[in-house]
Amino acid sequence: MDEQSAKEPLLNCVKKTTPLLASSMKFILKFTMGVIFIAWATFLFFYPSKFVHDLYQKFILATSGTVYGITGSVFLVFSAPILAIAVLAIAYIIMSGEEEFRERKMPKHPRFWLWTFPVIVDGPFGVISAAELIGVLIFSAFIIWSVSAYTIQNLNILSKFELTFKEESYLMLELTGLRFGLIGLFCLAFLFLPISRGSILLRLIDIPFEHATRYHVWLGHLTMLIFTLHGLFYIIAWAVQGRLLREGNLVVYVILFHLRLHQNLLPWFLAAVVVPFVVMVVVIGMVVIFMTVLEVVVAVVVMVIEIVIIVVILDWKNNGVANLPGVISLAAGLFMWMTSLLPVRRQNFELFFYTHQLYIVFVLFFAMHVGDFVFSIAAGGIFLFILDRFLRFCQSRRTVNVISATCLSCGTLELVLSKPENLQYNALSFIFLQVRELSWLQWHPFSVSSSPLDGKYHISILIKVLGEWTAKLRESILNGPEENLQIEQPLQPHSNVTVSVEGPYGHESPYHLMYENLILVAGGIGISPFLAILSDILHRIKDGKSCLPRNVLIVWAVKQSNELPLLYSLDMESICPFFSDMLNLEIQTYVTRESEPELEWGNVSKSVTSFGFPIRNKRGISVLVGTGNIMWSGIYVIVSTVGLVLFVGLLQIFYINPFGINSWWYKGLLFVVCMVASPIIFGGIVVGLWHLWDRKTLTREVDEDDGQKIDSMQDNERRAQKESRLDYVATSNTIRYGQRPDFKEIFGFVSDRWGHVDIGVIVCGPPTLQISVARACRTKNLRRKCNHPIFHFNSHSFDL
């Protein structure tokens, strides 16, 4: 590669120099977003202090005279900043384009990065980097500081009155419960931000959805713990006052009646009643593990009917906080929380997935519980999630052509899906896949196994047959149409497989291109994204595009030798015949459950069956995705946000104020309706125009095969000729049987050979593999010598 090509940006930026005006505007936008976020976060952190709270009250009094009232003032303080950052992020990403991903100037000496330095590797939450640990400590400090500040304030309030011990006790309990509710509300403001797959905020800070999901899990545990304490303190206070029968006995009667219908749960519940409330929650979680899915469904239906009956017969408070919606919201939250615990989630993922749809009940009744102006504190993050959810719904309505479907003998499926040219992704992306013949509700995430440089009109994934869903998919493919391979004719789409896709999602920047030295560690099917990375690197070397990686070590652990053909699905020699002159590639394969090879080297099993279909853009993956065209997705966010402001304003002018609507629960319900209606009505117009633009763009595209057209004859012929490409793989691939990789030894060898450099370590595999690699990276970094490299840990595993 010549010197000029080495200075080109990573992703073929059109403009190689940035005008001074554009650079200045980007700096101003970045600075403005930073100031807004720091001011917002600082305000939230110090809100429990009397000084900040008094300033907030003065602001509310000064601004509540507008048409939006106190709801608008609260929304402006708590939710508007996060929406303002989202709008500014749109402009920033549009101005940056691909320019942000130009080849970075490498430092003279290796240095640590907070995001890639693993600090905790053996904790209950998996591998935690230094940056993540800082975030955890800040959140923990906020919780401790808030509880302490509010406790002191509560004691000061009670000291102003002459109360008996009993009165002081239940008032202290009620005040503490109220404070925990407010703290939980602040946590709820962050809860929905990481779970928005195509969020503009995640694109801005370049955190992929599979990583952000971890933060949602952490925040979910924290939020539900605080809300549980909120309810617990109120229950104890009511018991001290003697109000428990009047306020909560109906709910207890409902539970007992429900237990009579499911008497096998009665002993568990009785055991839980005699222990503290938190322990009771754990016991109920254990009950859920032993329930069948049918029992859970019946239980939920019965509980919903009973709650509806209570709503009808109970006097629902019109002014102030309505308790019953809070009970319903907390019950839905506890059910989601218990079924999301790791033992339940791993044993019965469908139970976790379906019960998590109760988030609609949780949010709706929570808004009715606290009213519109209190709900406005957390409305910003929830609204961004609604925007993303509606866009995902629109994208998932389209069925996608299956260009080819291949069943390999190792129990792996390869699907090649059609996509339009203007749908961009990178080698670290992943998609959510739905096969309607198997289930209309199940969506499964898969890493892409193809590089965007492999072709403009397709995207590939590898699927390991492990569970019931993947086994049914394999059977559907094997029962596909039998075509006469000798007759060249256009094939019809696979009649047994109807596929819908959400995504692609993932890293905004291809960080695998930003390390000169790479170690790719895979476990089993975890090799899939690394095939895409290798293909991407080889294409860039061939095309003379900027590409930093020069030393690549692949460490691949598999259980059986029949999985080895996965490595040969990438034809490295045909992509770049001269790559060995510019890329030092080494592969170490570990077959853990075999002591010796069962087949002669090179005589690997070929695919069992393969079906090919013509590439057609008419039924490719929809471009209606938050990670897609930044112009359209930005317009969608802006128009929907403006629509929300208009809806709330019109509702205040023409309904709430003229008719004197004062019920908190009803105004909270109307506010949620506005949040849902604005993306559907205002955002729906943008989505419709976006779809028409996409169709018009597709009709202008030249109907060409892009050199990637796959038919059955060509596909089988290529696979039959794979033995010819084993020469290089055999010489660069070391296979060890009956062994597991010793990362301490591997990293020590690399340290001595590669010297004083930065090494990017990317792991894709089960949690145990991630922990082993992270531990080795941490040990080597802490005990490194002056002439040894720094290992940067990166996880590319999607763990729910």
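These numbers were taken from a predicted model, which means no experiment stands behind them.

1. Concerning the overall build of the protein
On a plain count of helices and strands, the protein comes out with 28 helices and 16 strands. Burial analysis of the protein (800 residues in total) assigns 53% to the buried set. Taking all contacts inside the protein whose residues are at least 6 apart in sequence as the whole, residues at least 24 apart take part in 81%. Total accessible area computed for the protein in this model is approximately 36700 Å², and 64% of it derives from carbon and sulfur atoms.

2. With respect to empty space enclosed by the protein
As enumerated under the stated definition, the model contains 7 cavities of 30 Å³ or more in all. Residue lining of the largest cavity: 14 residues in total, with Gly198, Ser199, Ile200, Leu387 and Val637 positioned closest to the centre. For the lining of the largest cavity, the elements supplying multiple residues, two or more each, are α19 (379-396) and α23 (630-656). Each residue belonging to the lining of the largest cavity can be placed in one class, and the counts come to 7 nonpolar, 6 polar and 1 charged.

3. Notes on helix α6 (residues 130-159)
Over its 30 residues, α6 runs 43 Å from end to end, which matches the ideal 44 Å to within 8%, given 1.5 Å per residue. Those residues of α6 that are buried are in contact with α2 (20-46), β1 (118-123), β2 (126-129), α7 (165-191) and α9 (209-241).

4. Quick notes on the sheet that holds strand β10 (residues 517-523)
Read from one edge to the other, the open sheet built from 6 strands follows the order β14-β12-β11-β10-β15-β16, with strand pairing classed as parallel. Two strands bound the open sheet, and with one partner strand each, they are β14 (733-737) and β16 (790-795). Here the strands of the sheet are splayed against their neighbours by 15 degrees on average, with no regard to which way each runs. Summarising the sheet, β10 and strand β15 (residues 758-764) pair through 6 bridges and their orientation is parallel. Considered in β15, the bridge of Leu520 is made with Ile762.

5. Observations concerning the packing of α2 against helix α5 (residues 80-96)
Between α2 and α5, whose axes approach to 10 Å, the crossing angle comes to 160 degrees. Looking at the two axes, α2 sits roughly antiparallel to α5. For α2 against α5, the interelement crossing comes out left-handed. Here Ala22, Met25, Lys26, Leu29, Lys30, Thr32, Met33, Ile36, Phe37 and Trp40 of α2 lie close against α5, whose contacting residues are Pro81, Ile82, Ile85, Leu88, Ala89, Ala91, Tyr92, Met95 and Ser96. The residue inventory of the contact of α2 with α5, partitioned by class, reads 15 nonpolar, 2 polar and 2 charged.

6. Structural notes on the packing of α19 against α23
At a closest axis distance of 11 Å, the pairing of α19 and α23 adopts a crossing angle of 125 degrees. Considering their axes alone, α19 and α23 lie oblique with respect to each other. Classified by chirality, the crossing of α23 by α19 is right-handed. Residues Phe383, Leu387, Phe390 and Leu391 of α19 form the contact with α23, whose own contacting residues are Tyr636, Val637, Ser640, Thr641 and Leu644.

7. Section: the sheet that holds strand β7 (residues 444-447)
Judged by pairing direction, the sheet is antiparallel, and its 4 strands sit side by side in the order β3-β9-β6-β7 without closing on themselves. With one partner strand each, in any of the chains shown, β3 (399-400) and β7 form the two edges of the open sheet. As paired strands, strand β6 (residues 430-435) and strand β9 (residues 499-505) are joined by 5 bridges and run antiparallel to one another. The partner of Phe432 across the bridge, within β9, is Glu502.

8. A look at the environment of Gly634
Here Gly634 lies in helix α23. Taking the relative accessible area as the measure of exposure, Gly634 reaches 2% and is therefore buried. Between the alpha carbons of Gly634 and Ile93 there is a distance of 9.7 Å; along the sequence they are 541 residues apart.

9. Quick look at the nonpolar core
Counting 116 residues, the largest nonpolar core has Phe78, Phe375, Leu415, Leu417, Leu433, Leu473 and Met675 as its most contacted members. Dropping the residues within four chain positions of it, Leu415 is found in contact with Val402, Ser404, Ala405, Leu433, Ile459, Ser460, Ile461, Ile463, Leu473 and Ile477. One finds Leu462, Leu520, Leu538 and Ile587 within the second-largest nonpolar core, a separate group that totals 41 residues.

10. With respect to a nonpolar patch on the surface
On the surface, a cluster of nonpolar side chains totalling about 660 Å² of accessible area is made up of Val67, Val87, Ile638, Val642, Leu646, Leu650, Ile653 and Phe654. In terms of residues, the nonpolar patch owes the most to one element, α23, which gives 6 residues. Mapping Ile638 onto the fold places it in helix α23.

11. With respect to the packing of aromatic side chains
In total, this model carries 43 aromatic pairs according to the counting rule given. Taken together, the ring pairs in this structure connect Phe43, Phe45, Phe46, Tyr47, Tyr56, Phe78, Phe142, Trp145 and Phe186 into an aromatic cluster. For the cation-ring pair, Arg197 lies above Phe432, with the distance from its terminal atom to the ring centre recorded as 3.7 Å. Stacked on the ring of Phe352, the Lys or Arg Arg345 has its end atom at 5.9 Å from the ring centre.

12. Remarks on the state of the cysteines
What makes a disulfide is a covalent bond joining the sulfur atoms belonging to two cysteines. Under the definition given, this model contains 0 disulfides. Of the cysteine sulfurs around Cys576, a residue in no disulfide, the closest is that of Cys547, at 10.0 Å. Taking the relative accessible area as the measure of exposure, Cys576 reaches 0% and is therefore buried.

13. Describing the pairing of strand β4 (residues 402-407)
When you tally the buried positions in β4, you get 6 out of 6 residues, the bulk of the element. Inspection of the sheet shows β4 paired to strand β5 (residues 412-418) by 5 bridges, in the antiparallel sense. Within the sheet, the bridge partner assigned to Thr406 lies in β5 and is Glu414. Taken together, β4 and the strand that follows it, β5, pair antiparallel across an intervening segment of 4 residues, in which Gly411 is found at a positive phi of about 80 degrees.

14. Things to note about unusual backbone geometry
A cis amide bond links Gly503 with the next residue in sequence, Pro504, at an omega value of 5 degrees. One can find Pro504 in strand β9. Even without being glycine, Asp206 reaches a positive phi, approximately 60 degrees.

15. Some points on the pattern of salt bridges
One pass over the structure, following the stated rule, counts 12 salt bridges. We note a salt bridge from Lys50 to Asp54, for which the minimum N-O separation is 3.0 Å. Placement of both Lys50 and Asp54 in helix α3 (residues 50-63) is noted, with a separation of 4 residues, approximately one turn of the helix. For Lys50, a relative accessible area of 60% puts it in the exposed group. When the shortest N-O distance is used, the salt bridge between Arg214 and Glu132 registers 3.0 Å. Note that Arg214 is positioned in helix α9 and Glu132 in helix α6, a separation of 82 residues in sequence. Among the ionic contacts, a cluster of salt bridges with common partners joins Arg197, Asp388, Arg392 and Glu502.

16. Structural notes on helix α28 (residues 767-782)
In this model α28 runs 22 Å from its N-terminal to its C-terminal C-alpha over 16 residues, within 8% of the 22 Å that 1.5 Å per residue would give. Within α28 the residues assigned to the buried category are Leu769, Gln770, Val773, Ala774, Ala776, Cys777 and Asn781. Down the axis, α28 shows its buried residues gathered within 160 degrees of arc, on one side only. In α28, the exposed positions angled more than 90 degrees off the buried face are occupied by Thr768 and Leu782.

Calculation criteria
- Residues numbered from 1 in each chain as written.
- Predicted model: local features only at pLDDT ≥ 70, side-chain atom pairs only at ≥ 80, totals over all residues.
- Heavy atoms only, no water.
- Helix = DSSP H or I, 4+ residues; strand = E, 2+ residues; numbered from the N terminus.
- Buried < 20%, exposed > 50% of the residue type's maximum accessible area, 1.4 Å probe, protein only.
- Contact = heavy atoms within 4.5 Å.
- Areas by Shrake-Rupley, 256 points an atom, 1.4 Å probe, with all protein chains shown as cover.
- 1 Å grid on protein atoms, 1.4 Å probe; cavity = no way out; pocket = protein on both sides within 12 Å on 5 of 7 lines; lining within 4 Å.
- Points joined across faces, edges and corners; volume = space filled by probe spheres on them.
- Nonpolar A, V, L, I, M, F, W, Y, C, P; charged D, E, K, R; others polar.
- Expected span 1.5 Å × (residues − 1).
- Pairing = 2+ DSSP bridges.
- Axes fitted to C-alpha atoms, helices over the stretch in contact; angles between N-to-C directions.
- Parallel < 35°, antiparallel > 145°, perpendicular 65-115°, else oblique.
- Left-handed = near helix turned anticlockwise from the far one by under 90°.
- Core = buried A, V, L, I, M, F, W, Y, C linked by side-chain atoms within 4.5 Å.
- Patch = residues over 30% accessible without salt bridge, like charges linked within 9 Å, V, L, I, M, F, W, Y side chains within 5 Å.
- Salt bridge = Lys/Arg side-chain N within 4 Å of Asp/Glu carboxyl O.
- Phe/Tyr/Trp six-rings, centres within 6.5 Å; stacked < 30°, edge-to-face > 60°.
- Lys NZ or Arg CZ within 6 Å of the ring centre and 35° of its normal.
- Disulfide = S-S within 2.5 Å.
- Arc of directions from axis to C-beta.

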